[in-house]
Structure formats: structure tokens, C-alpha cells
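# Remarks on the overall topology
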Amino acid sequence: LALRVVLPVTVGQLLQKFSPPTVNFVKEHKKKFKQAQQYCLVFIVYTVFCRTFEDKTMEDSNIGDIFIMIAIQFCLLISLMIFSWYTFRLLFRDEPTLRVMALFGSTHKTVAMGVPLINAIYEDDPLVGLYTLPLLIWHPMQLLVGSFLAPKLAAWVEREQERLEQKQEDESSKEESAEDEEQQQEQAADEDGDKETQQQDSTNANTTESTK
């Protein structure tokens, strides 16, 4: 587990933090690295299932069990996404992009990390293919659900951003109107003070004349 998962992740993080030339090289050849990753992943999955069927570990399972597992995983995925959606509504109330990111990030599982983990943990177990099967079903299922939800969520994000912008403009206009009212009140108070001063001066003048 340490050699197959922890060490590669650690080395990758260190290179990303302390080796700018490596980061630039990867960015320049991002498509090639992505293709290589996909080929390696397909090869890993292929070898796992080859070993599984060679050892005849699937004889105790039937197609009905697989469909039941698919149905259970679909219900779990939808339930987790609904739970995450309303949970992150409390955390990212006015941040729609973060809310959508959290929805997918909290419920999605990657085959690229999951398959090596399962192989490292259950390397000598003859049922390793069965342990990998739920992940191999979960991954394409989340892609299908995500593809279905992506345009709807994108439209929702646009609407929310427009609503937040309108809300911010309304708040700004309210603040400006409040400031204008305060200035008007201050001007009225100053005018009232000037009038009182003038009246006081005229009263003092009248008093002085009558005294004379």
C-alpha cells in the first residue's frame, strides 16, 4: 500500500510544490499524460478481471446479484448526492460554484485511486475482482448521473449568480439611499440650527433695542 499509493502521491505532491519545471512540463503534455493514465487504468482493470475469471471466483455469483448491486449503488449515489446538496447549502449559501463543486467532490470516487488501493489491500485474496466490481460500477454510474445533471447545474449557477448580483445591487442602492437620507437629515438639522441661531440673534437685538 505504501509503495503503490502513498509513495507516488507523496512524490507527486513534492514535485508539484517544489519543482516548477516539472509542473510546466506536465502542463505542456497534459493530454498525453491523461491518455497514459487512462491506458494504465484500463490495463489494471483488465488484469484484475482476468485473474478473477481465471481463478473462477465468479462462479458463486449470478447476473441477478450484479443487477441488485447496481440498484443498491444507484440508490446510495442518489441519496448521498441529495444529502450533500442540502448539507452544502448551509455551508455555501451564497457560493453556487462551490456548492456544485462540493456536490461532485464529496460523492464521486475515482477508479484511478480505488483500483490500486483495492489491489494493494487484497493482493492475495482470490475475490479481489469482486471487491473491485462495485467501484467499476460506481464510476461510470457517477459519470452518467453527472452528465445528466451538469447542464441543469450550470444553468442553476448562472441564475444564482444573477440573483446574487441583483441582490448586491439592491443592497448597494439601499445603502446609497440611506446615506442620502442621512445627509438630508444632517442638512435639515443644520438649517434648523441656523434658523434657531437667527431667531436668537433677532431676539437678542430686539431686547437690546427695548432696553435702550
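The structure under discussion appears in the preceding block.
Now for a look at the structure at hand. Because the structure is a prediction, the values reported are computed rather than measured. (Residues numbered from 1 in each chain as written. Predicted model: local features only at pLDDT ≥ 70, side-chain atom pairs only at ≥ 80, totals over all residues. Heavy atoms only, no water.)

## Comments concerning the packing of aromatic side chains
Operational definition: Ring geometry is summarised as follows: Phe, Tyr and Trp rings, the Trp one being its six-membered ring, pair when their centres sit within 6.5 Å, and such pairs are stacked at plane angles under 30 degrees, edge-to-face over 60 and tilted between the two. The buried label applies to any residue whose accessible area, calculated with a 1.4 Å probe on protein chains only, is under 20% of its type's maximum; exposed applies above 50%, and partly exposed to all values in between. Put simply, a charge is over a ring when the Lys NZ or the Arg CZ is close to the ring centre, within 6 Å, and near the line of the ring normal, within 35 degrees.
Inspection of every chain in the model, using the stated rule, returns three aromatic pairs. A centroid spacing of 6.0 Å and a plane angle of 80° characterise the contact between F25 and F33, whose relative ring orientation is edge-to-face. Residue class for F25 comes out partly exposed when judged on its relative accessible area of 43%. The class for F33 is partly exposed, based on a relative accessible area of 39%. The lysine or arginine in question, R99, covers the ring of W85, its NZ or CZ lying 3.8 Å from the ring centre. One Lys or Arg, K152, reaches over the ring of F148 and ends 4.1 Å from the middle of that ring.

## Comments concerning helix α4 (residues 63–91)
The line we're drawing: Strands here mean DSSP runs of E at least two residues long; helices mean DSSP runs of H or I at least four residues long; both are numbered from the N terminus. How far a helix is expected to stretch is found by multiplying one less than its residue total by 1.5 Å.
Look at α4: 42 Å from first C-alpha to last across 29 residues, which is about the 42 Å you get at 1.5 Å a residue. Of all the positions in α4, only M69, Q73, L77, M81, S84, W85 and F88 are classed as buried.

## Side note on the side chain of Q73
The following threshold applies: Note on contacts: a residue pair qualifies if any of its non-hydrogen atoms lie within 4.5 Å across the two residues.
Along the chain, Q73 falls in helix α4. Leaving out residues up to four positions away in the same chain, Q73 has contacts with P134, L135, I137, W138 and M141.

## Examining the pattern of salt bridges
Quick reminder of the rule: For this document, the term salt bridge refers to a Lys or Arg side-chain nitrogen within 4 Å of an Asp or Glu carboxyl oxygen.
Applying the stated criterion to the full structure yields one salt bridge. Taking the shortest distance from any N to any O, the salt bridge between R163 and E160 comes out at 2.8 Å. Note that R163 and E160 are positioned in helix α7 (residues 128–211) at a spacing of three residues, about one turn of the helix.

## Quick look at the environment of V45
Within the secondary structure, V45 sits in helix α3 (residues 30–54). As a C-alpha pair, V45 and V111 span 66 residues in sequence and 9.1 Å in three-dimensional space. Each residue touching V45, except ones within four places of it in the same chain, is listed here: V111, V115 and L136.

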